[in-house]
Amino acid sequence: MTILHIDASINGDTSASRQLTRSVIEQIKGSNWGEQIVYRDLAANPLPHLTLDAFADTSVLDEFFAADVIVIGAPMYNFTLPTQLKAWIDRIVIAGQTFRYTEKGPEGLAKGKRVIIALARGGFYNEGSPASALEHLESYLRGVFNFIGIEPEFVNAGGVAMGLDEAIAGASKEIELLAA
Ligand SMILES: Cc1cc2nc3c(=O)[nH]c(=O)nc-3n(C[C@H](O)[C@H](O)[C@H](O)COP(=O)(O)O)c2cc1C
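Below, the structure is looked at part by part. (Residues numbered from 1 in each chain as written. Predicted model: local features only at pLDDT ≥ 70, side-chain atom pairs only at ≥ 80, totals over all residues. Heavy atoms only, no water.)

For strand β1 (residues 2-7), the buried fraction is high: six of the six residues fall into the buried class. Of the two faces of β1, the one lined by T2, L4 and I6 and the one lined by I3, H5 and D7 are each fully buried. Relative to strand β2 (residues 36-41), β1 is paired through six bridges, and the arrangement is parallel. The partner of I6 across the bridge, within β2, is R40. The sheet contact formed by β1 and strand β3 (residues 69-75) spans four bridges and is parallel. Residue pairing across strands places H5 opposite V71, the latter belonging to β3. (Buried < 20%, exposed > 50% of the residue type's maximum accessible area, 1.4 Å probe, protein only. Helix = DSSP H or I, 4+ residues; strand = E, 2+ residues; numbered from the N terminus. Pairing = 2+ DSSP bridges.)

Below is the structure:
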């Protein structure tokens, strides 16, 4: 099994999402040490913004196709995902590769992969809360992975700005429930 581990936080060692992706990997590895883990740090090594020329380089898409499980750290910056992570999404959501248009509408072609996303947000965006209309991180990532045929699993550190330890503890409980 190949696990693709992706981090995007600009916060280095103090990052909540980086802590969570490490825990997710430990949890899903279980007792099976046969996995190959490929690591991509989008903050340390950012992908350039998408250009037409960039479509010629399929290395990011190839890495995605080669992975059985993808673990993504997704911090909320300005109500959505970091641009570093968006640049990665731009390289995997490709017509004819991960989705196609049919007479019945769009069809995802990346079925069968497991995607686990560790969210880290300063505030709370639960349905019905005052800020819920500003939630464009989880909703965007769910939508984009659904579009390519994948139902992502989420673990969530919410309210980091009000207390990092509590937020991490909440997410850690969710991580313990992830299937190995
Ligand atoms: C540039 C920047 C923008 C942020 N914007 C938001 C925001 O719009 N909403 C929010 O709830 N938290 C926001 N935060 C707080 C982060 O979501 C929170 O610190 C989270 O832990 C970030 O993940 P990380 O620790 O892995 O970097 C922002 C933080 C930074 C650094």
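Okay, the nonpolar core next. Among the nonpolar cores identified, the biggest contains 33 residues, and I70, I72, L85, W88, I117, L141 and F145 are the most heavily contacted of them. Listing elements by their share of this core, those giving two or more residues are β1, α2 (59-66), β3, α3 (83-92), β6 (114-120) and α4 (138-147). (Core = buried A, V, L, I, M, F, W, Y, C linked by side-chain atoms within 4.5 Å.)

Overall, the coordinates contain four aromatic pairs when judged by the stated rule. With a centroid separation of 6.1 Å and an interplanar angle of 50°, the aromatic rings of F64 and F65 are classed as tilted. Given the relative accessible area of 33%, F65 is considered partly exposed. When the centroid spacing of 4.7 Å and the interplanar angle of 55° are considered together, the rings of F99 and F147 count as tilted. Highlighted residues: F99 in strand β4 (residues 99-102) and F147 in helix α4, separated in sequence by 48 residues. The rings of F64, F65 and W88 are connected pair by pair, giving a single aromatic cluster. (Phe/Tyr/Trp six-rings, centres within 6.5 Å; stacked < 30°, edge-to-face > 60°.)

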